[in-house]
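What the coordinates show
Okay, here's what each chain looks like letter by letter:
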Amino acid sequence: MSELLRPGAPAEPPPRLRQPHSAAAVDCRGSDTRAAYAGRVPADLDALLEAAVAGVDGTERPGQVEMAHAVAQAIDTGEHLLVQAGTGTGKSLAYLVPAVRQAIEGGKPAVVATATLALQAQIVDRDMPRVASALAPLLGRTPTYALVKGRRNYLCAHKLQGGFPDEDDSLLAVDQVSASVSRLGAEVVRLREWASTTQSGDRDELVPGVTDRAWRQVSVSAHECLGGRCPMIAECFVERSREAAKDVDVVVTNHSFMAIDAFENRQMLPEHDVLVIDEAHELVDRVTATITDEVSAGMVTTAARKAAKLADGTDDVVDAADLLEGVLDEVREGRIDDLSEGLVLALTRVRDTTRAVQTELKPGPGEAADGARQVARAAIDEMYENTARILERRDLDVLWLRRDPRRGPVLNVAPMSVAMLVRDRVFADRTCVLTSATLELGGSLDAVAGTIGLRGEGSPAWRGIDVGSPFDYQRQAIVYVALDLPAPTRDGTSPKALDEIEALVRAAGGRTLGLFSSMRAAQSAAEQLRARFSADGTRIAILCQGEDQISTLVRDFAREPSTCLFGTLTLWQGVDVPGSSCQLVVIDRIPFPRPDDPLASARSEAIARMGGNGFMAVSATHAALRLAQGSGRLVRGAEDRGVVAILDSRMVTARYAGFLQRSLPPFWPTTDRELVLAALARLDELAPPAVPVSDPALRGLVGALEGSGAGGEALEPGVDHRPVAGPPPVPPSARTAVTVGYAWTPAKDEALRDAVAAGIEMQDVVEQLELPVDAVRARLVQLDLELTSWRQ
């Protein structure tokens with residue numbers, strides 16, 4: 001236990017709740033430019049890693065070196081690798097360096113897939129530019145990289161030219177007069193103007209952003225695309241970006257895009273031999289979501305409308321939709337184990353009528369590509385295939401109904417397991433490296449390995465290692481279990497639990513990240529603590545998820561130590577606040593899945609039927625992963641100190657407690673409330689200033705941070721990179737800057753200056769521009785302008 005945390009005289013810690021992470025490996029079974037460099041004598045891996053670490057101004061760590069060599073070995077042998085790499089290891093460099101070396105020497109790109117946009121941005125904006133510059137002298141050329149996205153993220157050139165029907169009547173032809181009376185029309189006008197200037201067609205470059213409804217007027221889905229039959233394929237933004245990606249060394253994408261490429265053989269990614277899956281603890285959920293299908297009466301009606309002018313049988317499809325709507329209105333929300341006669345009849349009618357329309361929509365021999373026909377076919381095909389899948393009742397499929405506030409009752413179908421699919425489609429044709437800070441659950445990699453097809457008969461060879469963390473968890477942090485609190489119930493946070501949170505927050509002086517099992521619990525705790533602190537004048541602010549964008553809330557939390565941030569799932573995994581601003585993480589209860597969760601309950605029952613322990617395999621494993629992720633929010637740097645407080649006595653008393661404890665970082669454990677309160681008070685008293693937090697930086701045209709050198713060096717976090725005065729230089733594009741994900745054109749900047757000159761209040765500007773307030777504030781700072789404060 002840290003001397004800083006220890007409130008009294010030195011003492012030996014109590015018996016460990018878990019064994020420390022072992023760094024020992026566990027063996028398990030179950031372009032032309034590139035071509036010119038292929039076959040060269042391999043560059044020394046240690047020298048490359050040393051150069052890369054120096055390039056990011058970092059420090060080489062034993063776990064990072066071990067991981068880099070393990071990745072290189074996996075690439076050489078073709079054996080898959082699972083790596084648990086704790087916070088602070090520097091795992092992105094540990095896999096990027098050997099991946100880049102292999103790409104240059106082998107002549108094929110490496111693919112890196114992440115779960116979150118934040119990590120993609122880190123790799124593309126920060127890591128790869130520096131790695132490329134640092135490795136160039138040793139490799140003989142500068143490594144290249146690209147970010148690849150799905151088709152819906154880009155403009156469709158053919159649709160812009162009228163090659164597809166509008167989603168709404170004649171919106172692509174609206175003029176400024178109609179735009180003045182139609183928000184949607186105004187958005188489409190802006191889209192057409194932007195389309196004439198953009199070089200990439202990437203939606204992320206359009207700011208202010210537009211609604212999804214407007215974006216659908218200028219984009220198409222993969223199934224709607226005409227592909228090689230499109231008359232404008234040479235101008236296609238998607239095809240051009242993917243063609244360019246074939247010639248780079250590292251392609252960065254997301255789990256879902258990678259899964260679609262592997263499962264549907266669309267060849268969206270270039271041919272590759274190495275696939276790195278970062279944030280691998282998220283892989284199963286992302287893959288499952290990718291292959292989840294849905295059917296609703298509204299979707300069937302929309303499909304019929306799109307095909308109405310091209311087929312005679314769409315009236316029958318509409319009748320089938322009406323029948324389905326009536327049946328679904330009577331179905332209870334939740335899992336559906338047996339299809340009722342009425343539901344079978346309604347789904348069969350949808351399947352059969354859409355099948356008949358499919359036949360009508362088939363183009364004749366030699367018929368030219370028709371955008372309207374392709375859109376209709378895609379919608380009708382989706383309804384036919386989804387209803388056929390539900391009626392087929394595949395062995396692993398789970399069916400459930402949810403009631404959407406906007407769309408009404410929606411049928412969903414998803415596989416309870418994707419293990420064999422991942423084994424056959426992802427692991428079969430390439431070497432895969434999967435890494436995360438939380439792959440070990442209950443002290444073993446077996447649980448995660450089983451969910452992705454790496455266990456059981458016929459499983460491919462793999463190796464698992466835990467390279468540990470450079471942090472001294474036992475000396476840096478305490479894990480406290482509130483043993484005296486009553487067991488949590490479904491009624492929300494109990495009064496005693498709320499008293500406990502209050503006492504902990506007061507002792508910490510704020511500095512608290514509150515992780516709750518539901519948004520209702522987070523909001524209730526925030527409201528009640530605000531009232532208590534306000535009543536006695538305590539100057540501790542409580543922020544709550546949903547009150548602003550997550551990025552804004554996290555920045556505000558990190559900047560002001562006497563602030564708390566409460567929230568749910570997003571905060572469990574997406575918050576990185578090093579330093580003294582976060583010295584207490586409160587977890588309100590063990591985060592088991594809901595008992596009525598369709599997939600979790602189906603998985604649990606299936607395992608029980610096979611003689612296994614469904615609770616441990618599903619619910620306890622889910623909770624262990626969330627606890628590992630949540631507690632990992634505390635220690636983000638070598639100097640961080642603090643407490644993780646779990647307000648659920650089952651962490652000590654339940655039969656599964658040991659499994660959950662072994663999934664946490666090896667913090668110093670205690671149930672002594674007074675010891676913890678004293679430690680938090682001492683931490684608050686001796687806390688250093690908060691780590692500086694930078695405002696959103698400007699970005700260049702290709703997405704790299706503006707102001708970087710030719711080698712792509714990224715801007716340092718915590719350093720103010722804003723202009724001292726005056727507007728920033730305008731690059732040769734309509735897009736001049738991105739603030740919090742929103743770009744600004746010269747016209748928008750001029751409107752902002754006019755608003756300042758006219759004394760317009762912030763709220764009016766935000767409403768007029770339809771932008772988040774933090775995006776406007778960030779741009780004001782960049783332009784050295786000030787607006788009247790927000791109205792109270």
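The rules behind these values
Residues numbered from 1 in each chain as written. Predicted model: local features only at pLDDT ≥ 70, side-chain atom pairs only at ≥ 80, totals over all residues. Heavy atoms only, no water. Pairing = 2+ DSSP bridges. Helix = DSSP H or I, 4+ residues; strand = E, 2+ residues; numbered from the N terminus. Axes fitted to C-alpha atoms, helices over the stretch in contact; angles between N-to-C directions. Core = buried A, V, L, I, M, F, W, Y, C linked by side-chain atoms within 4.5 Å. Buried < 20%, exposed > 50% of the residue type's maximum accessible area, 1.4 Å probe, protein only. Contact = heavy atoms within 4.5 Å. Salt bridge = Lys/Arg side-chain N within 4 Å of Asp/Glu carboxyl O. Lys, Arg positive; Asp, Glu negative; His and termini not counted. Patch = residues over 30% accessible without salt bridge, like charges linked within 9 Å, V, L, I, M, F, W, Y side chains within 5 Å. Areas by Shrake-Rupley, 256 points an atom, 1.4 Å probe, with all protein chains shown as cover. Charge placed at Lys NZ, Arg CZ, Asp CG, Glu CD. Phe/Tyr/Trp six-rings, centres within 6.5 Å; stacked < 30°, edge-to-face > 60°.

1. Notes on the sheet that holds strand S13 (residues 477–481)
- Ordered by their spatial adjacency, seven strands build an open sheet running S15-S16-S14-S17-S18-S13-S19, and the pairing between neighbours is parallel. Of all strands in the sheet, those with a lone pairing partner are strand S15 (541–544) and strand S19 (668–670), marking the two edges. Each strand of the sheet is rotated relative to its neighbour by a mean of 20°, with strand direction disregarded.
- Two elements, S13 and strand S18 (residues 642–646), share five bridges in a ladder whose sense is parallel. Residue Ile478 lies in a different strand from S18, and its bridge partner there is Val643.

2. A closer look at the nonpolar core
- Formed by 72 residues in total, the largest nonpolar core has its most connected members in Val426, Leu434, Leu513 and Leu660.
- Contacts of Leu513, omitting those with residues within four sequence positions, involve Phe557, Leu565, Leu571, Val575, Cys582, Leu584, Val585, Val586 and Arg633.

3. Overview of the pattern of salt bridges
- Evaluation of the coordinates by the stated rule reveals 29 salt bridges.
- What emerges from the salt-bridge pattern is a single network uniting Asp499, Glu502, Arg506, Arg532 and Asp536.

4. Thoughts on the side chain of Arg589
- With respect to the element layout, Arg589 can be found in the loop between strand S17 (584–587) and helix H24 (598–609).
- Buried charge Arg589 goes without a salt bridge, the closest partner of opposite sign being Asp648 at 5.3 Å.
- Among all residues touching Arg589, those that are not within four sequence positions of it are Pro488, Thr489, Arg490, Ser517, Trp572, Asp648 and Arg650.

5. Examining a negative patch on the surface
- Taken together, the side chains of Asp312, Asp315, Asp316, Asp319, Asp322, Glu325, Asp329, Glu330 and Glu360 present a region of like negative charge at the surface.
- With respect to the element layout, Glu330 can be found in the loop between helix H14 (314–328) and strand S8 (334–336).
- Owing to a relative accessible area of 69%, Glu330 belongs among the exposed residues under this scheme.

6. As for the packing of aromatic side chains
- Tallied over the entire structure, the rule returns seven aromatic pairs.
- The interplanar angle of 50° and the centroid separation of 6.1 Å between the aromatic rings of Trp194 and Trp215 together place this pair among those described as tilted. Taken together, the positions of Trp194 in helix H8 (residues 183–195) and Trp215 in helix H9 (residues 212–215) put the pair 21 residues apart, joining distant regions of the chain.
- In this structure Trp194 comes out as buried when scored by relative accessible area, which is 9%.

7. Description of the pairing of strand S10 (residues 408–415)
- For S10, a buried count of seven out of eight residues is recorded, marking the element as mostly surrounded by other parts of the structure.
- One ladder, built from three bridges, connects strand S7 (residues 293–295) with S10; its direction is antiparallel. For Asp293, the partnering residue across the bridge sits in S10 and is Val413.
- With eight bridges connecting them, strand S9 (residues 397–404) and S10 associate as antiparallel partners. When the bridges of S10 are listed, Leu401 appears paired with Leu411.
- Hairpin connection between S9 and S10: a loop of three residues separates the two successive antiparallel strands.

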